[in-house]
Amino acid sequence: MKAILALEDGTVYEGSAIGATGTATGELCFNTAVAGYQELITDPATRGLIPVMTYPLIGNYGICTEDNESTRPQANALVVTELARLHCNWRANTDMGSWMQQFNMVGIEGVDCRAIATHLRENGSMRACVSTELSADAAVAAAQAAPTLAGTDPLSYVCTDDAAAIQGRDLRGWKLPNKTVGDMTNYTELPAVIGKIAVLNFGIKFSTIATLRQHGYECDILPATTAADAILSGKEYKAVFLSDGAGDPAALSPEVLANIKAIAGSGMPVFGTGMGHLALAKAFGAATRQLPFGHHGANQPVKDERIGHVLITSQNESFTVVAESLPAELEVIQTNMNDNTVAALRHKELPIFTVQYQPADIAGPKGYDSYFTEITKMIQA
């Protein structure tokens, strides 16, 4: 079946339909990862987006339900050069096309995804429409009428069903990052709980909770609107974690930002990733802005300014902190080497540490044990 990808600037690509039939709109972004398509599509931070996969063959190892980052696909639609009809993976439950149909996810193949990525790099991210039923003109009009990420409240993207699924998930033997291939003998055991962390949920991934648990922390997943007093009064939490998520951090309510600032000012250790990183900066008065075409992929180089080391990180971000707007008490400790944007922040006096990237994902050869080790050091200080 024929499908159309139409951009708000009038550019139209014709291809073939994959997944479900119908029409979907969203903000088009390109992703440079070779693997991890399932994790990307089910990542709540992908809500509102239509990923364009620059790797030419997607779906070749199928879909494994255990690898989902939430209960279902979160991306608005999907654009690939070619979708694999056959997959090879003993863990797979189904093929990708059938999985997309199951969740009514629209997609298109048979288009030049690298040409589309070049177009976005030169012109910036833009709204788009994927359709199996509209004419080219109608699809362009639908793209132009679609909502933008800018101005979208991140909390409108949070699904409480996902939080409940994460809270009750059995993490034994699932998603054990930061382990080498030669260390696969004791995966079913979890360490003893050394403390409880309050997680303010902006759209957290399964793997983030799993990784925290694997480092000895029980996670209590709370709405991002939870009042500071409710977290601080019981004295049972060792730290507060601000999760990743989708949307525009500038659209967060003053109440949410005030709660974050109150928690951080109490001396409680505060950590964050993705949206949590952006929300923390906003709470301290910094500005954020939308990136021209975002950071989406598993090969984003980040330099640690303290020691000069370079990390290859996994990112799925559309916004960044404006470095010039940071208050004096927050310092930039890591920067993205592609565009010199802020990749990590630390408070000069309080136990606060946030990163723009996804430390629960393994993009480089060593993973990010150092991030979670940093959390433990701050908590136990």
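Predicted model only: the values in this text are computed from it and were never measured. (Residues numbered from 1 in each chain as written. Predicted model: local features only at pLDDT ≥ 70, side-chain atom pairs only at ≥ 80, totals over all residues. Heavy atoms only, no water.)

### Brief notes about the overall build of the protein chain
Here is step 1 of the chain: Per the secondary structure count, the protein chain includes 10 helices and 18 strands.
Here is step 2 of the chain: Burial analysis of the protein chain (381 residues in total) assigns 56% to the buried set.
Here is step 3 of the chain: If you take every contact in the protein chain between residues at least 6 apart in sequence, the share linking residues at least 24 apart comes to 75%.
Here is step 4 of the chain: Taken as a whole, the protein chain presents about 15,400 Å² of accessible surface, with 50% of it coming from carbon and sulfur. (Helix = DSSP H or I, 4+ residues; strand = E, 2+ residues; numbered from the N terminus. Buried < 20%, exposed > 50% of the residue type's maximum accessible area, 1.4 Å probe, protein only. Contact = heavy atoms within 4.5 Å. Areas by Shrake-Rupley, 256 points an atom, 1.4 Å probe, with all protein chains shown as cover.)

### Some details on the packing of aromatic side chains
Here is step 1 of the chain: The full count for this structure, using the stated rule, is 3 aromatic pairs.
Here is step 2 of the chain: Relative to Phe103, the ring of Trp99 lies with its centre 6.0 Å away and its plane at 70 degrees, an arrangement referred to as edge-to-face.
Here is step 3 of the chain: When its relative accessible area of 4% is taken as the criterion, Trp99 is described as buried.
Here is step 4 of the chain: It is Lys261 that lies over the ring of Phe284; its NZ or CZ is 4.9 Å from the centre. (Phe/Tyr/Trp six-rings, centres within 6.5 Å; stacked < 30°, edge-to-face > 60°. Lys NZ or Arg CZ within 6 Å of the ring centre and 35° of its normal.)

### Overview of the sheet that holds strand β16 (residues 330-336)
Here is step 1 of the chain: Across the sheet, 9 strands lie side by side as β11-β10-β12-β13-β18-β17-β16-β14-β15; this open sheet has mixed pairing. The sheet terminates laterally at β11 (217-223) and β15 (310-321), the two strands that pair on one side only. Strand-to-strand twist in this sheet, taken as the mean axis angle between neighbours without regard to direction, amounts to 25 degrees.
Here is step 2 of the chain: Both strand β14 (residues 288-304) and β16 contribute to a ladder of 3 bridges, which runs antiparallel. Following the sheet pairing, Asp304 is matched in β16 by Gln334.
Here is step 3 of the chain: Docked against the sheet, helix α6 (residues 206-214) engages β10 (195-201), β11 and β12 (237-242), running at close to 145 degrees with respect to β11. (Pairing = 2+ DSSP bridges. Axes fitted to C-alpha atoms, helices over the stretch in contact; angles between N-to-C directions.)

### Concerning the pairing of strand β4 (residues 49-53)
Here is step 1 of the chain: Here β4 lies mainly inside the structure; 5 of its 5 residues are buried.
Here is step 2 of the chain: Residues Leu49, Pro51 and Met53 line one face of β4 and the alternating positions Ile50 and Val52 line the opposite face, and both faces are buried.
Here is step 3 of the chain: By the bridge criterion, 5 bridges tie strand β3 (residues 23-31) to β4 in an arrangement that is parallel. Looking at β4, one finds that Glu27 is bridged to Leu49.

### As for the pattern of salt bridges
Here is step 1 of the chain: Tallying each qualifying case throughout the model produces 7 salt bridges.
Here is step 2 of the chain: Here Glu14 makes a salt bridge to Lys2, at a shortest N to O gap of 3.6 Å. Of the two residues, Glu14 sits in strand β2 (residues 12-19) while Lys2 sits in strand β1 (residues 2-7), which places them 12 residues apart along the sequence.
Here is step 3 of the chain: A single network of salt bridges, built from pairs that share partners, joins Glu66, Asp67 and Arg91. (Salt bridge = Lys/Arg side-chain N within 4 Å of Asp/Glu carboxyl O.)

### Some thoughts on unusual backbone geometry
Here is step 1 of the chain: In the Ramachandran plot, Asn104 falls in the positive-phi region, its phi being about 55 degrees despite a non-glycine side chain.
Here is step 2 of the chain: Residue position: Asn104 is located in the loop between α2 (96-102) and β8 (106-109).
Here is step 3 of the chain: The class for Asn104 is exposed, based on a relative accessible area of 56%.
Here is step 4 of the chain: For Asn340, which is not a glycine, the phi torsion comes out positive at approximately 60 degrees.
Here is step 5 of the chain: Here Asn340 is to be found in the loop between β16 and β17 (342-347).
Here is step 6 of the chain: Note on Asn340: relative accessible area 64%, which makes it exposed.

### Details of the environment of Ala136
Here is step 1 of the chain: Take Ala136: it is sitting in helix α4 (residues 136-145).
Here is step 2 of the chain: Taking relative accessible area as the criterion, Ala136 reaches 28% and is therefore assigned partly exposed.
Here is step 3 of the chain: Placed 130 residues apart in sequence, Ala136 and Ala6 show a C-alpha to C-alpha distance of 6.9 Å.
Here is step 4 of the chain: For Ala136, the residues in contact, after removing those within four places along its chain, are Ile4, Ala6 and Val12.

### Thoughts on the nonpolar core
Here is step 1 of the chain: Of all hydrophobic cores here, the largest spans 39 residues; its most connected members are Phe202 and Val240.
Here is step 2 of the chain: For this core, the elements supplying multiple residues, two or more each, are β10, α7 (228-232), β12, α8 (254-265), α9 (275-283), β15 and β17.
Here is step 3 of the chain: Per element, the largest residue contribution to this core is 6 residues, and it comes from α9.
Here is step 4 of the chain: Other than its neighbours up to four places away in sequence, Val240 contacts Ile197, Ala198, Leu200, Ile231, Ile263, Met268, Pro269, Val270 and Phe271.
Here is step 5 of the chain: If you look at the next biggest cluster of nonpolar residues, it comprises 23 residues, including Ala239, Ala344, Val355 and Tyr371. (Core = buried A, V, L, I, M, F, W, Y, C linked by side-chain atoms within 4.5 Å.)

### Here's the deal with α6
Here is step 1 of the chain: Burial within α6 is extensive, with 9 of its 9 residues counted as buried.
Here is step 2 of the chain: Every buried residue of α6 is accounted for by Phe206, Ser207, Thr208, Ile209, Ala210, Thr211, Leu212, Arg213 and Gln214.
Here is step 3 of the chain: Looking at the residues trailing α6, positive phi occurs at Gly216, about 100 degrees.

### Considering the side chain of His295
Here is step 1 of the chain: Tracing the sequence through the fold places His295 in strand β14.
Here is step 2 of the chain: We classify His295 as buried; its relative accessible area is 5%.
Here is step 3 of the chain: Separated by 3.1 Å, the side chains of His295 and Gln315 make a polar contact.
Here is step 4 of the chain: Here the side chain of His295 touches Asp339 through a polar contact of 2.7 Å, side chain to side chain. (Polar contact = N/O pair within 3.5 Å; in protein donor to acceptor, adjacent residues only side chain to side chain.)

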